[in-house]
Amino acid sequence: MAYRVIISPEAASDLQRLAKSEPNVFAKANRFITELKDHPKTGLGHPEPLKGKPEGR
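Residues numbered from 1 in each chain as written. Predicted model: local features only at pLDDT ≥ 70, side-chain atom pairs only at ≥ 80, totals over all residues. Heavy atoms only, no water.

**Student:** I'd love a proper account of the overall build of the protein chain, names of residues and values included.
**Tutor:** Regarding its fold elements, the protein chain presents 2 helices and 0 strands. Taking all 57 residues of the protein chain together, 5% fall into the buried category. Only carbon and sulfur atoms are counted for the fraction: they give 57% of the accessible area of the protein chain, which is about 5300 Å². (Helix = DSSP H or I, 4+ residues; strand = E, 2+ residues; numbered from the N terminus. Buried < 20%, exposed > 50% of the residue type's maximum accessible area, 1.4 Å probe, protein only. Areas by Shrake-Rupley, 256 points an atom, 1.4 Å probe, with all protein chains shown as cover.)

Set out below in structure tokens:
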């Protein structure tokens with residue numbers, strides 16, 4: 001199951017600017033976003049669970 005990642009208009013603008021000025025960094029950001037869609041709890045960024053009391057518990 002793939003998740004949906006919603007990119008805000010401000011983030012989209014930043015990504016467009018990044019694509020023009022830093023293509024390698026833009027490619028890396030896209031890999032992170034794609035990985036986030038497929039595996040939000042694991043993946044390239046090595047996400048860490050939140051510390052403290054989890055929300056909703």
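Here the narrative resumes.
**Student:** Could you give an account of the pattern of salt bridges, naming the residues involved and the relevant values?
**Tutor:** Tallied over the entire structure, the rule returns 1 salt bridge. Residues Asp 14 and Arg 17 are paired through a salt bridge, measuring 3.1 Å at the closest nitrogen-oxygen approach. Of this pair, Asp 14 and Arg 17 both sit in helix α1 (residues 9-21), separated by 3 residues, roughly a single helical turn. (Salt bridge = Lys/Arg side-chain N within 4 Å of Asp/Glu carboxyl O.)

**Student:** I'd like to hear about the environment of Thr 34, residue by residue, with values.
**Tutor:** For Thr 34, the position within the fold is in helix α2 (residues 23-38). Separated by 31 residues in the primary sequence, Thr 34 and Tyr 3 have C-alpha atoms spaced 9.7 Å apart.

**Student:** Residues and numbers for the packing of α1 against α2, please.
**Tutor:** At a minimum axis distance of 6 Å, the contact between α1 and α2 shows a crossing angle of 135°. If you check the angle between α1 and α2, you find them oblique. When α1 is examined against α2, the residues Leu 15, Leu 18, Ala 19, Lys 20 and Ser 21 are found in contact with a partner set consisting of Pro 23, Val 25, Phe 26, Ala 29 and Ile 33. When its residues are assigned to classes, the contact of α1 with α2 shows 8 nonpolar, 1 polar and 1 charged. (Axes fitted to C-alpha atoms, helices over the stretch in contact; angles between N-to-C directions. Parallel < 35°, antiparallel > 145°, perpendicular 65-115°, else oblique. Contact = heavy atoms within 4.5 Å. Nonpolar A, V, L, I, M, F, W, Y, C, P; charged D, E, K, R; others polar.)

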